[in-house]
Amino acid sequence: MKTNRTLALFLALTLCLSLLSGLAVAENAAAAKLAPQKVVITGSHDVAKGLKIRLTASVSPDGAPQDLVWKSADPDIAKVSRKGVVTGLKEGTTVITAASGADAKVRRKWEIKVWSKPVEKVLVVAPSDQIVLSDVRTLQLKTAVEPKWECASALVWKSSDPKIAKVSDTGLVTAKKPGRVTVTATAADGSKVSGSITLTVVRSTEEPAENRNYYALLICNEKYQHINQLPSTPRDVNAFRNTLKGLSQPWKITVRKNLTAKQIRSAIYDAFKGATENDVCLFFYAGHGHEDTDVDCGALIGVSHNPESEQEDHLKASQVAYALDKACPGKVIAIFECCGSGSYLYQGESLSWERDPYAASGNPKAFNRSVLSAFTSVDGPVTSNTGELLGSKFSVITACEHGDWELEVPLSQKIDGGILTYCLVNAMGCDFPNGAYSGKMPADTNGDSRLTLPELMAGARKIYNEDLRKRFKDLTPEMQYHGDPAMILFTRE
């Protein structure tokens, strides 16, 4: 029995010694794995004289000591701090070294080029501002840098929404899903100067979006010389401009301020120059409007209008219709945030066609009647409204009926803007007047992220009746609209 107990104790002791030996070996192996093996550096290889960049370094494997010792091969060209901050001192090239504090033999060298001048401008260009989702869904961006760099890789690329489109270190954009995304290239020399481009990703099944352009002319008339000022019109234009910027269509926006009647007409031709039959042109006017069926049957008022001296500065409805028709071969969206705007949908005969030196030659009244017969109002026949913009190419939204005045919600109510613009912007899911998107378009009742004219106006009228009219009991204007009910006006995908 004693021999058996002795043998058992001997075996137990042997097992314990074996376990302890194994633990020691494991600890030694773990210690060996934690020893520094490699230093990895990330950051720019370029810095401008007098500027700073920061290099980031890490020691592998995970768990190894991370303390580093930084050193510059030529501190007269560039110096480096204990935290890896490199300062360019004079033009030239040097090498920065990051060595492990635990093992100086484990190190990484990093070449640094010091430029005599910092980057002043970065321009990002692309062969197209749209990417179609198909088998080939990439777009290579190019850059121009001033002063010119020899090293084009010294840019840091970033996408505002990688879920829509991501961008590589070389500026190659890969589309993921429909939407708008801004791609930015920032100079890596410490100047932080950047350039950007906004791209639109569309579905491959959409109408040839690569050949379609979207032009928008937004006019803000606020500083009139001889009649009441309109301080709210800049807020209307700002709200609508920011709303357009957030849409998936690539709107090319032009904003003009305080124009005379002649300048408004010129602005139409300038902003829509080059538009084709496949393009869409949007005209938005916020300012004073005039309506006198015996004189001009509706007009936009230029800022130099002086009623006391009988100086006319009116751009008559017929002139607006003619300019938009000639400048825009394709579809036209016209939005009038002004008094008397209902005249643009009035089905009478405009006397101004007979006196309009800018109208087409021939019989203008016959032309007007042909325009009227070409299209029927979405709401049915309009009974008391000139028909200057009732052609099938036009989608028109007016702030009021023929013979009525537009009203504004006062600043004291924290709106201070035109009722029409306020309702349209909110119906499209944006705040007024900053145009920030709320995440949902109330007017998009079918959830397809696309707004037709009837959808948009139904949403705007709902906001008008259920919000504004409950807060302001004296609101009487009625928004009017006319156009192709199937046309997609705005998209957010």
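Description of the structure in this document. Computed from a prediction, not measured in an experiment: that's the story for all the values here.

Scoring rules and cut-offs
Sequence order as written defines the numbering, with residues in each chain counted from 1. Only residues with pLDDT of 70 or above have their local features reported here, since the model is predicted, and side-chain atom pairs are shown and tallied only from 80 upward, although totals for entire chains, interfaces and linings are computed over all residues. To obtain the side-chain values, all non-hydrogen atoms of the structure were used and water was disregarded. For two strands to pair, DSSP has to find at least two bridges joining them. We count a stretch as a helix when DSSP gives it H or I for four or more residues in a row; a strand needs E for two or more, and each element gets its number in order from the N terminus. Note on definitions: angles span 0 to 180 degrees between N-to-C directions of axes, and those axes are lines fitted to C-alpha atoms, for helices only across the stretch in contact. Think of a nonpolar core as a cluster: buried Ala, Val, Leu, Ile, Met, Phe, Trp, Tyr and Cys residues, connected wherever their side-chain atoms sit within 4.5 Å. Under the scheme applied here, a residue whose accessible area is under 20% of the maximum for its type counts as buried, over 50% as exposed, and between as partly exposed, the area being computed with a 1.4 Å probe on protein chains only. Two residues qualify as a contact provided that any one of their heavy atoms is within 4.5 Å of a heavy atom in the partner residue. The scheme is simple: roughly parallel for angles under 35 degrees, roughly antiparallel for over 145, roughly perpendicular for 65 to 115, oblique for anything else. For any pair of crossing helices, the crossing counts as left-handed if the nearer helix is rotated counterclockwise from the farther one by less than a right angle, and right-handed if it is rotated clockwise. Gly falls in the polar group here, along with every residue not listed as nonpolar (Ala, Val, Leu, Ile, Met, Phe, Trp, Tyr, Cys, Pro) or charged (Asp, Glu, Lys, Arg).

**Considering the sheet that holds strand β15 (residues 165-167)**
Here's step 1: The antiparallel open sheet is built from three strands, whose spatial order is β12-β16-β15. At either end of the open sheet lies a strand with only one pairing partner, and these are β12 (138-140) and β15. Here the strands of the sheet are splayed against their neighbours by 20° on average, with no regard to which way each runs.
Here's step 2: Strand direction decides the pairing type here: β15 and strand β16 (residues 172-175), joined by three bridges, are antiparallel. In the strand pairing of β16, alanine 165 is matched with alanine 175.

**Overview of the environment of glycine 483**
Here's step 1: Mapping glycine 483 onto the fold places it in the loop between β30 (480-482) and β31 (488-491).
Here's step 2: Spatially, the C-alpha atom of glycine 483 lies 4.1 Å from that of serine 395, the residues being 88 residues apart in sequence.

**Overview of the nonpolar core**
Here's step 1: If you look at the biggest cluster of nonpolar residues, it comprises 45 residues, and the most contacted ones within it are Phe240, Trp251, Leu282 and Phe490.
Here's step 2: Every element with two or more residues in this core is listed here: β19 (214-220), α2 (233-245), β21 (280-286), β25 (331-337), α7 (419-427), α8 (453-471) and β31.
Here's step 3: If we skip the residues at most four places from it in the chain, tryptophan 251 touches Arg180, Tyr214, Tyr215, Ala216, Leu244, Val280, Leu282, Ile333, Leu489 and Phe490.
Here's step 4: If you look at the next biggest cluster of nonpolar residues, it comprises 37 residues, including Ile219, Leu230, Cys338 and Tyr344.

**Quick word on the packing of α2 against α7**
Here's step 1: Remark: α2 packs on α7, axes separated minimally by 10 Å, with the N-to-C direction vectors making an angle of 20°. Accordingly, the angle class assigned to the pair α2 and α7 is roughly parallel. The hand of the α2/α7 crossing is left-handed. Touching Asp236, Ala239, Phe240 and Thr243 of α2 are Thr421, Leu424 and Val425, all from α7.
Here's step 2: For the contact of α2 with α7, the class distribution of residues is four nonpolar, two polar and one charged.

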